[in-house]
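These are the residues of each chain, in order.
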Amino acid sequence: IGDFSARFGTGIGLNTGLRTGMSLTQSGYISGNDEIRPYSSTCEYGFFRGIAGQLKAGRTTVSLFFSADKSDAAIDTVPDGNTKFIRTFYRTGLHNTNSSLLSKDVISEFSYGMNILIDLNKMRAGFLFTGNRFSAAARINDDDPEELFDFKGSDNYNASLYYKTGSGKIILFGELCADRSKRKAFVQGLAFRPDSRLTINTVYRSYDPGFSSFHGKGILGSSSGDNIRGLFGNFIFEAAKHLFISAGCDLRQYPWLSYRCSCPSTSVRSEVRVKYLPLENLVIEGLFSCRRYQYDGPEAGGVKKQHNLITNSFKASVRYSPAAYLTTATRVDYKTGGYESVSRGTMLVQDISYRLRVPALSLWLRYCIFKTGSWDSRLYAYENDLVYSFSVPAFSGTGERMYMMLDWQMRKSMHLRIKYGITDNYVIADYQEEAEVTRELRLQLRLSF
């Protein structure tokens, strides 16, 4: 009873956990355990608030849940001014701007579902049914082709069948799901380990345009996962002692309009990673990635023309721990991309983490400098953040980023964490270089009892 999250199958029909997109050169594409568990994240979107339970008899497990909660959305009214409707759903979970505050908890959402799971000798199969009902109806703009397949109405439901089985060195898994409008989503995956040093993964997925699953996050899909047909494959190979080589490629086709592209399009993303661990306290890593996708050109009028945008990036990092309480990490990024002219971006990051036992203190420090030619060559750097939270800022232009975070275990059941960061972006104003400074201060106190 309370706040909880749920996940079944590959996550197409139901997965309220956090899935931010996976690296093409990492394993872990098989969905985790089928489960209902307490929700403990700071994200204010996607979880359930109500009651859930599981009943088990022999090899069969039945899960039931019901949720009544508020959801974020942008609300509009029809011309008569009396009827309100949902223009768009707001799904970030953040409420740090005026527009996001106006969208907070403006509609009521009722969710319910049942999952039946059967464990056989070498196979696990399940059936899932979930439903959603909103206090207002969603409407679309009939004159906008991009919204042709978007969700409309006040209720939706999903029904899916999924399985996972293995034999020897092969694991197969998949899920077939359909929504209220009979639009379907399908995922089929295979994990193959022909040798102890080699692992091969492949995933095919197909999401009909407009497929709706409000609390589903499928493998290698978006929050809704719609309008994609794709084939993914990767391998992880231990080429020599302490030397690992991995590579992956993801081919995507968008059968309907997509973001920044007004016609069916395709995209290709690939990665090659080399990781070397010569010592227990030393990790050297290099990553090369390439992405090609289509988007509308900047023509002012007429039919939009599509252009291929290719971005290439290289990242090298060295992580060294001279002592158990001290870790340093140095990272260099280089990226090229752009439409009419090639834009280049460079970033240098230095991290230091230090831990003390008495008093129980942990300290993280970062200094980062960056320079990019345009937004197309922007660079990202993951940051340590408050517990149950994460930060992956995008850097564009010329500037620097610094932050310090302190974690203090005041008592066994009490943790205090403070983060202070400064970002300087240098811009040209009146033929002079000026710095736009952004400061942030975040505090978190955690009590365990």
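Residues numbered from 1 in each chain as written. Predicted model: local features only at pLDDT ≥ 70, side-chain atom pairs only at ≥ 80, totals over all residues. Heavy atoms only, no water.

A. Looking closely at the overall build of the chain. Tallying secondary structure elements over the chain gives one helix and 25 strands in all. Looking at the chain as a whole, 37% of its 449 residues are labelled buried. A total of about 24900 Å² of accessible surface is found on the chain, and carbon and sulfur atoms cover 57% of it. The chain carries 55 positive and 44 negative side-chain charges, and their two centres are separated by 8 Å. (Helix = DSSP H or I, 4+ residues; strand = E, 2+ residues; numbered from the N terminus. Buried < 20%, exposed > 50% of the residue type's maximum accessible area, 1.4 Å probe, protein only. Areas by Shrake-Rupley, 256 points an atom, 1.4 Å probe, with all protein chains shown as cover. Lys, Arg positive; Asp, Glu negative; His and termini not counted. Charge placed at Lys NZ, Arg CZ, Asp CG, Glu CD.)

B. Spotlight on the packing of aromatic side chains. Per the stated rule, a full pass over the model turns up 16 aromatic pairs. A centroid spacing of 5.2 Å and a plane angle of 50° characterise the contact between F89 and F134, whose relative ring orientation is tilted. Remark: F134 occurs in strand β8 (residues 123–138) and F89 occurs in strand β6 (residues 84–89); sequence separation between them is 45 residues. Classification of F89 by relative accessible area gives partly exposed; the value is 23%. You can call F134 buried: its relative accessible area is 6%. Both rings, one in F151 and one in F214, keep their centres 4.9 Å apart while their planes meet at 85°; by these two values the pair is edge-to-face. Of this pair, F151 sits in the loop between β8 and β9 (153–167) while F214 sits in the loop between β12 (198–207) and β13 (228–240); the two residues are 63 residues apart in sequence, bridging distant segments of the chain. (Phe/Tyr/Trp six-rings, centres within 6.5 Å; stacked < 30°, edge-to-face > 60°.)

C. Unusual backbone geometry, seen in detail. A positive phi angle is found at D105, which is not glycine, with a value near 55°. Along the chain, D105 falls in the loop between α1 (98–102) and β7 (107–119). Phi angles above zero are rare outside glycine, and R260 is one such case at about 70°.

D. Region of interest: the pairing of strand β20 (residues 361–372). Only one face of β20 is covered, namely the one carrying S362, W364, R366, C368, F370 and T372; the face carrying L361, L363, L365, Y367, I369 and K371 has none of its residues buried. Bridge count for strand β19 (residues 343–356) against β20 is twelve bridges, and the pairing is antiparallel. For M347, the partnering residue across the bridge sits in β20 and is F370. Hairpin remark: β19 followed by β20, antiparallel, with four residues in the connecting loop. Inspection of the sheet shows β20 paired to strand β23 (residues 398–411) by eleven bridges, in the antiparallel sense. By the bridge assignment, L361 is partnered in β23 with W408. (Pairing = 2+ DSSP bridges.)

E. Representation of a nonpolar patch on the surface in the model. On the surface, L406, W408, M410, L445, L447 and F449 cluster together to form a nonpolar patch covering roughly 680 Å² of accessible area. Among the elements that take part in the nonpolar patch, β23 stands out by supplying three residues, more than any other. With respect to the element layout, F449 can be found in the segment after β25 (432–447). Accessibility expressed as a relative area gives 96% for F449, which makes it exposed. (Patch = residues over 30% accessible without salt bridge, like charges linked within 9 Å, V, L, I, M, F, W, Y side chains within 5 Å. Salt bridge = Lys/Arg side-chain N within 4 Å of Asp/Glu carboxyl O.)

F. Local environment of the side chain of H215. Tracing the sequence through the fold places H215 in the loop between β12 and β13. Judged by its relative accessible area of 7%, H215 falls in the buried class. Those residues in contact with H215 that sit more than four places away from it in its chain are G13, L14, N15, T16, G46, F47, F48, E109, S111 and N132. (Contact = heavy atoms within 4.5 Å.)

G. Structural view of the pairing of strand β4 (residues 60–71). Side chains of β4 alternate between two faces, with T61, S63, F65, S67, D69 and S71 buried and T60, V62, L64, F66, A68 and K70 left unburied. As defined by bridge partners, strand β3 (residues 48–57) adjoins β4 across eight bridges and the pair is classed as antiparallel. Opposite K56, over in β4, you have T61 as the bridge partner. Between the antiparallel neighbours β3 and β4 lie two residues, among them G58 with a positive phi of about 65°.

H. Region of interest: the nonpolar core. Core analysis: the largest hydrophobic core is formed by 14 residues, its most contacted members being I12, V187, V203, Y207, F211 and I219. Listing elements by their share of this core, those giving two or more residues are β10 (170–179), β11 (184–195), β12 and β13. The next biggest cluster of nonpolar side chains, apart from the first, holds ten residues, and it includes A6, F8, F48 and Y162. (Core = buried A, V, L, I, M, F, W, Y, C linked by side-chain atoms within 4.5 Å.)

Take it as geometry only, folks, not as evidence of what the structure does.
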